[in-house]
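Analysis of the macromolecular model
Residue strings, one per chain:
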Amino acid sequence: MTKIRVGIIFGGRSAEHEVSLQSAKNIIEALDKNKYEPVLIGIDKHGGWHLQDNADFLLNSSDPRLIALNKSNQDLAVTPGQENRLMVVSSKADANIDVVFPVLHGTYGEDGTMQGLLKLLDIPFVGPSVLGSAVAMDKDVAKRLMRDGGIPIAEFSVYRKEDNINFSAVIRTLGLPLFVKPANLGSSVGISKAKNEDELKRAVDVAFQFDNKILIEESVEGREIECAVLGNENPMASIPGEVIPHHEFYSYEAKYIDENGAALEIPAKLGEQEVKLIQELAIRTFKTLELEGMSRVDFFLKPNGEALVNEVNTIPGFTKISMFPKLWEASGISYSDLIDRLIQLAIERHKNEQALKTSA
Ligand SMILES: Nc1ncnc2c1ncn2[C@@H]1O[C@H](COP(=O)(O)OP(=O)(O)O)[C@@H](O)[C@H]1O
Ligand SMILES: [Mg+2]
């Protein structure tokens, strides 16, 4: 059997570059090597693409603080419409990729840009396509679509750099404390919790350093429940899990720096009805946001039993201890089976798309 060549694309220009390297390392390790051959593509922080050697593509791979791309000198060129769609610049050798697993978080990876490029190259890829990726990345647009779809969310308002924010009016409307976040980011980068007007002003300045559009949200008192979704036309929802942050909220520190920053409880301690509610909302959210392949839907579960969708991650973390693979493990799908299914879903979707007419 000829092996399917899986391009694993990782790194990238986002604030989540290092997180991506960790996820990629775990995916590459878990790939069934009897069926798949990994082709490693590292994107450096300037956006350059490099074909990487399997053995030494990472520096300090065991330390999340020091992990870095070991930049190869095999620069890649992307040539849509050519037979060699991805080739090594120096040798013109074809990278020969059958399907891509983009292991990129945040900007230029999870936001539809990479997905658009892969579509132009006509290479099947794992995870949501252009529209779903772009929509889910923008917390403002995603929330407006969810609101339109009748999916419960927290109260929020949106501001752009040129807006004059009336801080006391915001506090009157949404109360205190407040969460301030860049519209298009992730990993809690640029997010702060503000307990008074001064903190709110500072939080807004911080968020605007990362994006030209920000959200100010009411603070939701509730448990943080996450549910994984897998599939194309008939997606299924995993057993939900809970994140219990040991910091004031699930901050960047709590996520990636502090080893004891948060505890994951899988399965989450929930009643049967709560599980049903979360799973049903996760699937509805997935469909409402035009998602395909996979996503992780994150909730706040209030003490009164009400569940609000906080956000959706279309390329969730894939380290062995990440929520998404852990939730599937708890639902009966092992890490390597999950990778296998995701690749098969990508190939299936591509086949379906190819069967469509492109002209009358
Ligand atoms: N409205 C809110 N109420 C309470 N906590 C929040 C709210 N918004 C965000 N948080 C906290 O901040 C964390 C990160 O926010 P989130 O919107 O999930 O952004 P990111 O995409 O960076 O993960 C959440 O996991 C939660 O701990
Ligand atoms: Mg989040």
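Keep in mind it's a predicted model, so treat the numbers as computed, not measured.

A word on the overall build of the chain
Counting its regular elements, the chain contains 10 helices and 18 strands. On C-alpha atoms alone, the chain measures out to a radius of gyration of 20 Å, which is about the 21 Å that the 2.2 N^0.38 rule sets for 360 residues. Every one of the 360 residues in the chain was classed for burial, and the buried ones make up 43%. A sequence separation of at least 24 residues applies to 65% of the contacts in the chain between residues at least 6 apart.

So, the site of ligand 1
As a matter of local geometry, ligand 1 sits amid 18 residues, with Phe179, Glu217, Val220, Phe249 and Tyr250 nearest to it. Taken together, the elements giving at least two residues each to the shell around ligand 1 come down to strand S10 (178-182) and strand S18 (307-313). When grouped by side-chain class, the residues that make up the shell around ligand 1 number eight nonpolar, five polar and five charged. Split by domain, the shell around ligand 1 shows at least three residues from each of two domains, domain 2 (136-151 + 222-351) and domain 3 (156-218).

Section: the sheet that holds strand S2 (residues 36-43)
Backbone hydrogen bonds hold the strands of a sheet together, and the pairing may be parallel or antiparallel. Taken in spatial order, the four strands line up as S3-S2-S1-S8 in an open sheet, and their pairing is mixed. In the strand order of this sheet, the two ends are held by strand S3 (49-52) and strand S8 (99-103), each with one partner. With direction set aside, neighbouring strand axes in the sheet form an average angle of 30°. Across four bridges, S2 lies against S3 in antiparallel orientation. The residue of S3 that forms the bridge with Gly42 is His50. Sheet strands in contact with helix H1 (residues 17-30) are strand S1 (4-11), S2 and S8, and its direction is about 155° off that of S1.

Considering the sheet that holds strand S9 (residues 156-160)
The antiparallel open sheet is built from four strands, whose spatial order is S9-S12-S10-S11. With partners counted over all chains shown, the strands left at the sheet margins are S9 and strand S11 (192-194), one partner each. Strand-to-strand twist of the sheet, defined as the mean angle between neighbouring strand axes without regard to direction, takes the value 25°. In terms of strand pairing, S10 meets S11 through three bridges, oriented antiparallel. Note that in S11 the partner of Val180 across the bridge is Ser192.

Comments concerning the packing of helix H5 (residues 167-174) against helix H6 (residues 197-210)
Contact pair H5 / H6: the axes reach a minimum separation of 10 Å and the direction vectors enclose 105°. For the element pair H5 / H6, the angle class is roughly perpendicular. For the pair H5 and H6, the contacting residues are Phe167, Ser168 and Ile171 in the first and Glu197, Leu200 and Lys201 in the second. Tallied by class, the residues present in the contact of H5 with H6 amount to three nonpolar, one polar and two charged.

A look at the nonpolar core
One finds Ile8, Ile27, Val103, Val229 and Ile343 to be the most contacted residues of the largest nonpolar core, which totals 72 residues. At six residues, helix H10 (residues 335-354) tops the list of elements feeding residues into this core. Excluding residues that lie within four positions of it along the chain, Val103 makes contacts with Ile8, Ile9, Phe10, Ser20, Ser23, Ala24, Ile27, Ile315 and Phe318. With 17 residues, the next largest nonpolar core counts Tyr159, Phe179, Ala183 and Ala194 among its residues.

What counts, and where the lines are drawn
- In every chain, residue numbers begin from 1 and rise along the written sequence.
- By the order in which they are written, chains take letters starting at A while ligands take numbers starting at 1.
- Confidence filtering applies because this is a predicted model: local features only for residues at pLDDT of at least 70, side-chain atom pairs given and counted only at 80 or more, and all residues used for totals across whole chains, interfaces and linings.
- Elements are defined by DSSP. Helices are runs of H or I of four residues or more, strands are runs of E of two residues or more, and each kind is numbered from the N terminus.
- C-alpha atoms define the radius of gyration in this analysis, and the globule rule sets the expected value at 2.2 Å times the number of residues to the power 0.38.
- Counts of 20 or more other C-beta atoms within 10 Å of a residue's own C-beta define buried residues, counts of 12 or fewer define exposed ones, and intermediate counts define partly exposed ones; C-beta atoms are placed from the backbone.
- We call two residues in contact whenever the C-beta atoms placed from their backbones are within 7 Å.
- Should the C-beta atom of a residue, placed from the backbone, lie within 6 Å of a molecule or strand, that residue is near it.
- Gly falls in the polar group here, along with every residue not listed as nonpolar (Ala, Val, Leu, Ile, Met, Phe, Trp, Tyr, Cys, Pro) or charged (Asp, Glu, Lys, Arg).
- These domain boundaries are the output of an automatic or database domain assignment.
- Paired strands, in this sense, are two strands between which DSSP finds at least two bridges.
- Lines fitted to C-alpha atoms define the axes here, with helix axes fitted over just the stretch in contact, and angles between the N-to-C directions of these axes take values from 0 to 180 degrees.
- Should an angle lie under 35 degrees it is considered roughly parallel, over 145 roughly antiparallel, and from 65 to 115 roughly perpendicular; all remaining angles are considered oblique.
- Note on terminology: a nonpolar core is any set of buried Ala, Val, Leu, Ile, Met, Phe, Trp, Tyr and Cys residues joined through C-beta atoms within 7 Å.

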